[in-house]
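In case you want the letters, here they are:
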Amino acid sequence: MVQETGKFGIVVSQYFRNYYRSRSFYLMLVISLLISGLMTYFSLKYVGNLHITFGGVSFNSLSSSLKERAVLYLWAFVLSYLPVFSAVFFGSPAISSEIENKTAYHIFPLPIRRSTLLFGKLTAAVAVSYIIVSVYTIFELISYLILFGSFPSIVFLYSYLLLLLFIISITAFTFLVSSIFNKNMYAYITVFLLYYLIFNALYIILDFLYNYNAFFLLSESASIIERVFIDINTTVPGSTSISLNGAGNGPIGIAAMVMVIYAVISIAGALILFDRKEVK
Amino acid sequence: MASVDVKGVSKNYGNITALKNVSLSMNTNGCIGILGPNGAGKTTLMKLITNIIKPSTGEILVNGTDVSNNPSAALRTVGSIIEQPEFYTYLTAYETMMFVCRIKGGTKEYCKSEIERVSEITEVNGFLNRKTGTYSRGMKQRLALAVALINNPDVIVLDEPTFGLDPKGMSDIRNALNRIRELRNSIIILSTHLISEVKELCDRVIIMDEGSIVYDSDTDSVEKSLRVRFYEAPADGLNSIANDPFMEDGGKTAIFRVRKEVPNYLIIQDLMNRGAKIRDVEESSGIEEKYLAIVGRRKD
């Protein structure tokens, strides 16, 4: 008899197949390729003539090591938006669609724990999101190799792993929202509102009124993906928190912790709600 | 031998009670037809048996295992079609069936042969490798039946499996169900609006109304009704044929309730021997009479 762990693998492969054949996947892939193409084009054509400044220092005056980190910073800055869109496409309808599309009638009567179904689907959603961001990362690596003649330092790997953590937490977060609703549209709208409106509003209010850095917000902790290269806080326009060094272990640890907490709480909440989900 | 035991189950949706303290035991292989008007609680009962919803009170045991507490064990030998199921649109029928078969514990090799077997019964073998998102309603319903039959389940729960199908689709599904029923190696619980389906397929009939079971009997023990219209009724009356014929139309129509196995010609012959001039004879199932009596009573 297949044990629950074996069933988990079967569920992951089933949902992974369904995800990567979906229109959402190809749309995200096209978006990823477009952005990657644009970034590659601008990196190769303009990186020697950038007029942007990093903490008052123009790009051309940066040391070669700082220049390398600045390029990686710019790539990672753009990259951190991709998982959010990916999670919205794959995570927001994850649970609600089972009810709205009536696939719940197909999967709920199966001899499998709902937690296994949820973990399997979450793993598949994270995997397809990671494929999409990895396409971008491949372009990034190739561009870097052409520009600087070598592979980036170990910091690049930290950023890539933090990206995985962010994908897990944002996808888990969208699963939680999705498990609250029975309609996909409500889940989509709620995720967008929460992430782009509520989180940003909270950040601005706390920063401007109380001069308090809302490190506990998922959107803020996600910025660690680029801040490992250069610690510039760009979440709020006009923010004064600038350092030309990469973020140290402290900020990385805090951001990682925040993402883990979001993931754990979201998964726990989604599990409770999904387990009680009924199709009336 | 498989068994399904529903023990004192109620289901509430807010203030609405969809099922009221229902108890039911099903432990003989064959088909059990569940009839009832809309809102009678049929689908609620089907959903409870298959763990789509959980009971407010009571318990449901499949082969002695509680469905709510241990679905992994209880549902391993249950196949079902509830309402009009949809499948993951980017997967093929083959992949869908393979998934269900593997979740139910089958090895890849076993599942391949199972898919072949159920595809033949339900005639889905022509479109096994097409994505289910391209299927018509009828094809989806046939696939749903194939999925329900995979791994030879002990219990097959079918909630209006022919609903929304054209006559050809209905006939295909019924033929497939007949083939399964004849094998007699599972309990088929069939919820339907169609009395004819129960008559054709089932050995036991349960009638539900307003969340309760109001009638439960073997279909064989349900008497049939014979409606005889006369030009001229027998002069010596009708009591010799049936103890209590029901008269209509000023004595020109008689309704006899007789056992299913009594041939109609014997009754007609007897009436004619006694001088009756018969205009026409119409047979209707006793299930229909029972059902209409219950639903009619509620409407009154």
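Please read these numbers as outputs of a predicted model, since none were measured by experiment.

> Looking at this structure, how should I read the side chain of R114 of chain A?
Residue position: R114 of chain A is located in helix α7 (residues 114–148). Buried R114 of chain A, no salt bridge; nearest opposite-charge side chain is D275 of chain A, N-O distance 5.3 Å. In terms of polar contacts, R114 of chain A uses its side chain to reach the backbone carbonyl oxygen of K277 of chain A, at 2.8 Å. Those residues in contact with R114 of chain A that lie beyond four places of it in its chain are F108, F274, D275, R276 and K277 of chain A together with N51 and I52 of chain B.

> Sorry, what's going on with the sheet that holds strand β13 (residues 253–258) of chain B here?
Whether parallel or antiparallel, the strands of a sheet pair through hydrogen bonds between backbone atoms. Residue and element names in this part refer to chain B. Strands sit in the order β12-β13-β11-β14 across an open sheet of four strands; the sheet is antiparallel. The outermost strands of the open sheet, each flanked by one partner alone, are β12 (246–248) and β14 (277–284). Between one strand and the next, the sheet's axes are offset by a mean angle of 20°, whatever the strand orientation. Alignment of β12 against β13, held across three bridges, turns out to be antiparallel. Within β13, the position partnered with M247 by the bridge is A254.

> Explain the state of the cysteines here, please?
Working definition: the covalent bond between the sulfur atoms of two cysteines is a disulfide. Residue and element names in this part refer to chain B. Counting across every chain of the model gives two disulfides over all chains. Two residues share a disulfide in this structure: C31 and C202, whose sulfurs sit 2.3 Å from each other. Residue C31 is found in strand β3 (residues 30–35), and its partner C202 is found in the loop between α7 (195–201) and β9 (204–209); the two are separated by 171 residues along the sequence. Among the residues examined, C202 registers a relative accessible area of 5% and is labelled buried. Each sulfur of the disulfide joining C101 and C111 lies 2.2 Å from the other.

> Honestly, the layout of surface pockets in this entry has me stumped. Any pointers?
To locate leftover empty space, one rolls a probe as large as a water molecule over the atoms. The calculated volume of the largest pocket comes to roughly 490 Å³. Around the largest pocket, the lining comprises 21 residues; the ones closest to its centre are N18, S97 and N101 of chain A together with T89 and Y90 of chain B. Only α1 (4–20), α2 (23–46), α4 (82–91) and α9 (184–210) of chain A provide two or more residues apiece to the lining of the largest pocket. Among the elements that take part in the lining of the largest pocket, α1 of chain A stands out by supplying three residues, more than any other. A breakdown of the residues in the lining of the largest pocket according to their chemical character gives 10 nonpolar, eight polar and three charged. There is about 390 Å³ of room inside the second largest pocket. Surrounding the second largest pocket, 20 residues form its lining, G39, T43, E83, D159 and E160 of chain B being those nearest its centre. Contributions of two or more residues to the lining of the second largest pocket are made by β2 (16–26) and α1 (42–49) of chain B. Ranked by residues supplied to the lining of the second largest pocket, first place goes to α1 of chain B with four residues.

What counts, and where the lines are drawn
Residues numbered from 1 in each chain as written. Chains lettered and ligands numbered in written order. Predicted model: local features only at pLDDT ≥ 70, side-chain atom pairs only at ≥ 80, totals over all residues. Heavy atoms only, no water. Helix = DSSP H or I, 4+ residues; strand = E, 2+ residues; numbered from the N terminus. Buried < 20%, exposed > 50% of the residue type's maximum accessible area, 1.4 Å probe, protein only. Lys, Arg positive; Asp, Glu negative; His and termini not counted. Salt bridge = Lys/Arg side-chain N within 4 Å of Asp/Glu carboxyl O. Polar contact = N/O pair within 3.5 Å; in protein donor to acceptor, adjacent residues only side chain to side chain. Contact = heavy atoms within 4.5 Å. Pairing = 2+ DSSP bridges. Axes fitted to C-alpha atoms, helices over the stretch in contact; angles between N-to-C directions. Disulfide = S-S within 2.5 Å. 1 Å grid on protein atoms, 1.4 Å probe; cavity = no way out; pocket = protein on both sides within 12 Å on 5 of 7 lines; lining within 4 Å. Points joined across faces, edges and corners; volume = space filled by probe spheres on them. Nonpolar A, V, L, I, M, F, W, Y, C, P; charged D, E, K, R; others polar.

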